[in-house]
Amino acid sequence: MALSRASDLVYKNTRQWRQTFKFSPFIEPNRVSYYPKRARIGQLVLQSNNKTVDPLIYDSRGRKHCFKEVEAEFMSSKCSDDDSSTNGQVSRKVLVVLNPNSGHGRSSQIFRSKVQPILQHAGFEMDVIETAEAGHALALSYTIDLMTCPNGIICVGGDGIVNEVINGLLRRKDIDKAISVPIGIIPTGSDNSLAWSVLGIKDPVSAANAIVEGDVTSVDVFAVRWVEANLMQFGLTAACFGFVSDVLELSENYRKYFGPIRYLIAGLIKFLSLPRYIFEVEYLPLTGEKMKQNDASVPRREEENWVKRKGEFIGILVCNHACKTVQGLNSQIVAPRSVHNDGSLDLLLVHGSGWWRLLVFYIALQFGRHLSLAFVEYVKVKSVKVTSTGTTQKGCGIDGELIYADGPATCSLAPHQLKLLGHHHRKGK
Ligand SMILES: Nc1ncnc2c1ncn2[C@@H]1O[C@H](COP(=O)(O)OP(=O)(O)OP(=O)(O)O)[C@@H](O)[C@H]1O
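These numbers were taken from a predicted model, which means no experiment stands behind them.

Draft legend 1. Focus on the pattern of salt bridges. Enumeration over the complete set of coordinates arrives at eight salt bridges. The partner of Glu130 in a salt bridge is Arg112, and the shortest N-O contact between them spans 3.2 Å. Taken together, the residues Glu130 in strand β8 (residues 124–130) and Arg112 in helix α2 (residues 107–121) connect sequence positions 18 residues apart. For Glu130, a relative accessible area of 31% gives the class partly exposed. Between Asp246 and Lys270 there is a salt bridge; the shortest N-O distance is 3.8 Å. Remark: Lys270 occurs in helix α10 (residues 262–272) and Asp246 occurs in helix α8 (residues 243–251); sequence separation between them is 24 residues. What makes Lys270 buried here is its relative accessible area of 18%. Within the structure, one salt-bridge network assembled from shared partners comprises Asp342, Asp346 and Lys380.

The structure is reproduced here in structure tokens:
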């Protein structure tokens with residue numbers, strides 16, 4: 001059988017059950033009565049409401065499809081799982097990593113009052129660790145015995161704490177085991193772009209419910225490498241250079257007093273004293289088929305079609321998903337064609353300099369019109385190499401965290417995907 005169980009859930013005190021399997025329709029397509037052409041790896045969800053069985057397939061883009069045949073093997077698997085539950089409840093062991101400093105500094109209070117009761121009621125066994133400083137979450141996920149949290153690591157905070165956790169996991173020697181541990185996100189940070197863009201979730205209670213449901217969504221991971229500095233950093237959201245990374249740097253000065261609106265204040269100050277950013281950018285466009293996951297260490301061969309751009313750029317953004325921001329208008333989607341698991345990155349180059357151009361870009365972005373601007377270049381890529389040739393800044397923002405390193409930075413997909421706890425949010429839903 002070409003199916004493996006991804007998660008399961010038995011609701012307490014009811015006869016309802018729900019099971020999720022990963023499936024690969026290309027392995028045994030004849031078993032599936034109808035499957036979508038574009039499905040690669042998806043999930044089959046069987047759920048029962050006491051009497052009816054309502055099997056559904058979610059393809060890799062999160063769309064729902066009917067599945068007419070219910071395999072007997074699913075049913076027997078379901079029965080054996082029921083046996084392993086206690087009082088109709090399956091216990092799940094997770095590690096909770098909480099950044100007490102994130103957002104307005106109330107993540108601890110929000111977690112304990114609103115989220116913990118939901119998880120406890122659903123039978124989660126939790127070790128809750130509050131981070132003491134930056135870097136603590138990375139050290140934890142790098143060193144933790146994964147047997148103590150087989151059902152997930154739940155990050156409470158912003159995109160930064162998730163970034164630390166994945167950087168710890170992806171640096172482990174037992175990487176295969178590490179990437180099988182799903183990541184949950186309770187969004188209490190200043191901006192939780194990952195949870196909002198990929199899962200369609202922006203509040204902690206919805207996030208807790210999504211975690212309880214037990215679905216998982218695979219996401220690509222990108223890596224930024226600075227060969228000269230012998231440094232590499234993983235990310236799930238975006239890498240940025242130019243104006244945005246300068247705003248990130250400045251905004252840290254205002255974290256204590258202004259919380260989430262620090263980005264707006266720093267953006268305004270930077271806007272009024274806008275420097276000129278000069279870069280050399282080379283990118284390898286995505287041609288034809290989706291890039292294979294293990295093609296991540298893209299060899300830089302001359303015969304490949306690298307495209308070169310040199311000059312002034314207000315900003316350079318390399319996006320792994322649509323990059324919506326919780327703080328902007330709903331229509332603000334930085335990389336509207338980006339898909340979180342399509343094996344490619346979306347590059348946005350904002351050419352030129354000057355406050356007027358920045359203002360036009362910012363307003364157009366709010367209304368989702370930025371891609372039609374003549375000075376904006378948007379392209380799907382396999383890899384991007386960015387070299388700062390000016391003196392204005394050297395920082396690179398990755399998932400909202402600033403990294404300083406000398407020399408060219410190369411951004412490409414990592415060989416592994418990670419799993420997020422929660423179901424992919426479909427467009428228009
Ligand atoms: N206890 C702590 N004290 C100070 N900084 C911390 C602590 N724990 C984590 N950090 C650091 O705080 C930074 C921001 O964390 P996080 O992303 O969770 O919150 P946020 O900045 O409010 O949200 P966002 O990144 O989405 O804007 C990260 O760089 C992280 O390393």
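Still to come is the rest of the account.
Draft legend 2. Focus on the site of the ligand. Taken together, 22 residues lie around the ligand, and Gly103, Glu164, Asp191, Tyr263 and Glu401 are the ones closest in. Asn99 has a polar side-chain atom sitting 2.9 Å from an oxygen atom of the ligand. Within the side chain of Ser190, a nitrogen or oxygen atom sits 2.7 Å from an oxygen atom of the ligand. The fraction of the free accessible surface of the ligand (620 Å²) that becomes covered by protein chains is 88%. Elements with a minimum of two residues in the shell around the ligand: α4 (159–169) and α10. Among the elements that line the shell around the ligand, the one with the most residues is α4, at four residues. A per-class count over the shell around the ligand returns five nonpolar, 10 polar and seven charged.

Draft legend 3. A look at the pairing of β8. Both strand β7 (residues 92–98) and β8 contribute to a ladder of seven bridges, which runs parallel. Within β8, the position partnered with Arg92 by the bridge is Phe124. The β-α-β motif built from β7, the intervening α2 and the parallel element β8 has right-handed crossover chirality.

Draft legend 4. How the structure looks around the packing of aromatic side chains. One pass over the full model with this rule turns up four aromatic pairs. The interplanar angle of 70° and the centroid separation of 6.4 Å between the aromatic rings of Phe241 and Phe279 together place this pair among those described as edge-to-face. A residue pair is termed long-range when its members are at least 10 positions apart, and Phe241 in strand β13 (residues 238–242) and Phe279 in strand β14 (residues 278–285) qualify at 38 residues. Residue Phe241 is classed as buried on the basis of its relative accessible area of 6%.

Draft legend 5. Representation of the nonpolar core in the model. Counting 53 residues, the largest nonpolar core has Leu119 and Val162 as its most contacted members. Lining this core are residues from two domains, each supplying at least three of them: domain 2 (92–214) and domain 3 (222–417). Excluding residues within four positions of it along the chain, Leu119 makes contact with Phe111, Phe124, Met126, Ile154, Ala208, Ile211 and Val212. One finds Ala238, Cys323, Leu347 and Leu349 within the second-largest nonpolar core, a separate group that totals 50 residues.

Draft legend 6. Region of the structure containing α4. Across the 11 residues that make up α4, a large majority, 11, are buried. The complete set of buried residues in α4 reads Asp159, Gly160, Ile161, Val162, Asn163, Glu164, Val165, Ile166, Asn167, Gly168 and Leu169.

Parameters at a glance
Residues numbered from 1 in each chain as written. Predicted model: local features only at pLDDT ≥ 70, side-chain atom pairs only at ≥ 80, totals over all residues. Heavy atoms only, no water. Salt bridge = Lys/Arg side-chain N within 4 Å of Asp/Glu carboxyl O. Helix = DSSP H or I, 4+ residues; strand = E, 2+ residues; numbered from the N terminus. Buried < 20%, exposed > 50% of the residue type's maximum accessible area, 1.4 Å probe, protein only. Near = heavy atom within 4 Å. Polar contact = N/O pair within 3.5 Å; in protein donor to acceptor, adjacent residues only side chain to side chain. Areas by Shrake-Rupley, 256 points an atom, 1.4 Å probe, with all protein chains shown as cover. Nonpolar A, V, L, I, M, F, W, Y, C, P; charged D, E, K, R; others polar. Pairing = 2+ DSSP bridges. Right-handed = clockwise from strand over helix to strand, strands pointing away. Phe/Tyr/Trp six-rings, centres within 6.5 Å; stacked < 30°, edge-to-face > 60°. Core = buried A, V, L, I, M, F, W, Y, C linked by side-chain atoms within 4.5 Å. Domains from an automatic or database assignment. Contact = heavy atoms within 4.5 Å.

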